[in-house]
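Chains, contacts and geometry: an overview
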Amino acid sequence: MSDNIIQVGASMKPLIEVKNVRKIYRMGEEKIVALDNISLSVAKGEIICLVGASGSGKSTFLNMVAGLEKPSRGEIYIGDIPIHKLNEEKVTLFRQKNIGFIFQSFHLLPMLTALENVSLPLVFQGMERKKRDRMAKEMLEAVGLVGFEKRVPTRMSGGQQQRVGIARALAGRPKIIFADEPTGNLDSATSKEVMGLIVKMVKENNQTLLIVTHDPNIAAYGDRIVTIMDGNILSIENKKVSEAQAEAEDREMHSEINIEKGKDLQ
Ligand code: ADP
Ligand code: MG
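The sections below set out a description of the structure shown in this document. Values in this document were obtained by computation on a predicted structure and should not be read as measured data. (Residues numbered from 1 in each chain as written. Chains lettered and ligands numbered in written order. Predicted model: local features only at pLDDT ≥ 70, side-chain atom pairs only at ≥ 80, totals over all residues. Heavy atoms only, no water.)

**A short note on the site of ligand 1**
What counts, and what does not: Residues are labelled near a given molecule or strand when at least one of their non-hydrogen atoms is within 4 Å of it. What qualifies as a polar contact is a pair of N or O atoms within 3.5 Å, subject to a donor-acceptor requirement within protein and to the restriction that residues adjacent in sequence count only when both atoms come from side chains. Using a 1.4 Å probe, accessible areas were evaluated by the Shrake-Rupley method; residue-level cover was limited to the displayed protein chains. Numbering of helices and strands runs from the N terminus; a helix is a DSSP stretch of H or I covering at least four residues, while a strand is a stretch of E covering at least two.
Neighbouring ligand 1 are the residues Tyr-25, Met-27, Ile-32, Ala-34, Ala-53, Ser-54, Gly-55, Ser-56, Gly-57, Lys-58, Ser-59 and Thr-60. One of the backbone N or O atoms of Ser-56 is found 3.2 Å from an oxygen atom in ligand 1. With respect to ligand 1, the side chain of Lys-58 contributes an N or O atom lying 2.8 Å from an oxygen atom. With the chains in place, 64% of the 560 Å² that ligand 1 exposes on its own is no longer accessible. Looking at the shell around ligand 1, the elements with two or more residues in it are β2 (16-27), β3 (30-42) and α1 (58-65).

**A short note on the packing of aromatic side chains**
So the rule is basically this: Whether two aromatic rings pair depends on their centres lying within 6.5 Å, for rings of Phe, Tyr and Trp, where Trp uses its six-membered ring; planes under 30 degrees apart make the pair stacked, over 60 edge-to-face, and the rest tilted. A 1.4 Å probe rolled over the protein chains alone gives each residue an accessible area, and that area as a share of the maximum for its type sets the label: buried under 20%, exposed over 50%, partly exposed in between.
Going through the model one piece at a time under the given rule, you end up with two aromatic pairs. Judged by centre distance (5.7 Å) and plane angle (70°), the ring pair of Phe-101 and Phe-178 falls under edge-to-face. Of this pair, Phe-101 sits in strand β7 (residues 99-103) while Phe-178 sits in strand β8 (residues 176-180), and the two are 77 residues apart along the sequence. Given the relative accessible area of 18%, Phe-101 is considered buried. Relative accessible area serves as the criterion here: at 0%, Phe-178 is assigned to the buried category. Taken together, the ring pairs connect Phe-101, Phe-103 and Phe-178 into an aromatic cluster.

**A few points about the environment of Phe-178**
Stated precisely, the cut-off is as follows: Whether two residues are in contact is decided by their heavy atoms, any of which lying within 4.5 Å being enough.
Note: C-alpha distance between Phe-178 and Val-212 (34 residues apart in sequence) is 8.3 Å. Setting aside anything within four residues of it in sequence, one finds Phe-178 in contact with Leu-62, Val-65, Ala-66, Ile-99, Gly-100, Phe-101, Ile-102 and Leu-210.

**Some details on the pattern of salt bridges**
Rules: Criterion for a salt bridge: a side-chain nitrogen of Lys or Arg within 4 Å of a carboxyl oxygen of Asp or Glu.
One pass over the full model with this rule turns up seven salt bridges. Across the pair Arg-224 and Glu-46 runs a salt bridge whose closest N-O atoms are separated by 2.7 Å. Of this pair, Arg-224 sits in strand β10 (residues 224-229) while Glu-46 sits in the loop between β3 and β4 (47-51), placing them 178 residues apart in sequence. Residue Arg-224 shares its accessibility class with Glu-46, and that shared class is buried. Where Arg-134 meets Glu-138, a salt bridge forms, and the shortest distance between an N and an O atom there is 3.7 Å. Taken together, the residues span about one helical turn, with Arg-134 and Glu-138 both in helix α4 (residues 129-142) at a distance of four residues. Looking at Arg-134, the relative accessible area reads 45%, which means it is partly exposed.

**Some points on helix α5 (residues 158-171)**
How we decide: What a helix is expected to span follows from its residue count: subtract one and scale by 1.5 Å.
Between its first and last C-alpha, α5 extends 20 Å over 14 residues, near the 20 Å set by a 1.5 Å rise per residue. The buried fraction of α5 amounts to twelve of the 14 residues, a majority that puts the element mostly inside the structure. Listed in full, the buried residues belonging to α5 are Gly-159, Gln-161, Gln-162, Arg-163, Val-164, Gly-165, Ile-166, Ala-167, Arg-168, Ala-169, Leu-170 and Ala-171. Of the residues flanking the end of α5, it is Arg-173, one or two places downstream, whose phi is positive at about 50°.

**Brief notes about the sheet that holds β2**
Threshold: In this description, strands pair whenever DSSP reports at least two bridges between them. To get an axis, a line is fitted to the C-alpha atoms, and for a helix only the part in contact is used. The angle between two axes follows their N-to-C directions and goes from 0 to 180 degrees.
Taken together, four strands build an open sheet; the order of strands is β3-β2-β5-β6 and the sheet is antiparallel. Each edge of the open sheet carries a strand with a single partner, namely β3 and β6 (81-82). Where β2 meets β3, nine bridges bridge the pair, whose relative direction is antiparallel. Bridge pairing in β3 links Met-27 to Glu-30. Relative to β2, α1 is tilted by about 120°, and along the sheet it contacts β2, β3 and β5 (73-78).

**Thoughts on the packing of α5 against helix α6 (residues 188-204)**
Under the convention used in this document: Working definition: roughly parallel below 35 degrees, roughly antiparallel above 145 degrees, roughly perpendicular at 65 to 115 degrees, and oblique for all remaining angles. Handedness of a crossing follows from how the near helix is turned relative to the far one, being left-handed for an anticlockwise turn of less than a right angle and right-handed for a clockwise one. Side-chain classes follow a simple rule in which Ala, Val, Leu, Ile, Met, Phe, Trp, Tyr, Cys and Pro form the nonpolar group, Asp, Glu, Lys and Arg form the charged group, and the remainder, Gly included, forms the polar group.
With their axes 10 Å apart at the nearest point, α5 and α6 run at an angle of 15° to one another. By the angle class used here, α5 and α6 are roughly parallel. Relative to α6, α5 is oriented so that their crossing is right-handed. Across the interface between the two elements, Gly-159, Gln-162, Arg-163, Ile-166 and Leu-170 from α5 touch Thr-190, Glu-193, Val-194, Leu-197, Ile-198 and Met-201 from α6. Looking at the contact of α5 with α6, its residues break down into six nonpolar, three polar and two charged.

**Considering the pairing of β4**
Along β4, five of the five residues are buried, which leaves the element largely enclosed by surrounding structure. Residues Ile-47, Cys-49 and Val-51 of β4 are buried on one face, and the alternating residues Ile-48 and Leu-50, pointing to the opposite face, are buried as well. Bridge count between β4 and strand β9 (residues 208-212): four bridges; the pairing is parallel. Bridged to Ile-48 within β9 is Leu-210. Where β4 lies against β10, four bridges are found, and the strand directions are parallel. Directly across from Ile-48, in β10, lies its bridge partner Arg-224.

See the structure below:
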């Protein structure tokens, strides 16, 4: 294996480590402190629910950890990788290999079928056509959408579209899943189904989940509930040290974070 595969060591180091992160946006004369000073460590296999009022900084926090934006100050590590220091190209590769996103408004491409939408991250990973079609089909099956392979998003319900969104986020078997209000556009019964599905799949695949939600029922799925207010962590509620997490820590010895150079990147 090449030297750009980064091992997460056998130590009990957290998978994600956020240290004193601050983010300021400048709007002309105005300074907006989106994140004031946030530190948080997340273990492999944990499910973290981020809650807090609109505008408190939840999305900014996820975007920082995913390397979509650079903090104004502070450090972010995933495994041993300093996300805050990576250049655009490296952070994009890192994201493609290691992070799956689920969005509130699904973000499916309307001209593509369900199967093609799910395949897309696999294209970016440089996977060959046959294999990615097979994997995408398996993912659609896993989210209960057998027979919907050729359907376009506009001909699917919100719940079905979000199932495609989940399949797409998980298709490349990323180590970490970020979900930003994934049930925000769904009715309460569908929200429950979708949330149950996300948690089930994340646990089965031993993945780590950071999920933003307003819904207290949904927050109850978390191992920890982190409340954010005005760009700071107001409180952290420990729900339980789940069995999944304990198992995950055992398995951590064998895991690796992969930032191998992707092929076929345009
Ligand atoms: P939340 O997701 O909790 O609703 P956000 O992280 O979206 O909150 O926003 C936190 C604060 O930062 C808000 O005041 C928001 O207006 C501001 N903000 C977020 N993104 C930007 C941006 N790109 N430019 C300027 N201000 C922003
Ligand atoms: Mg938000």
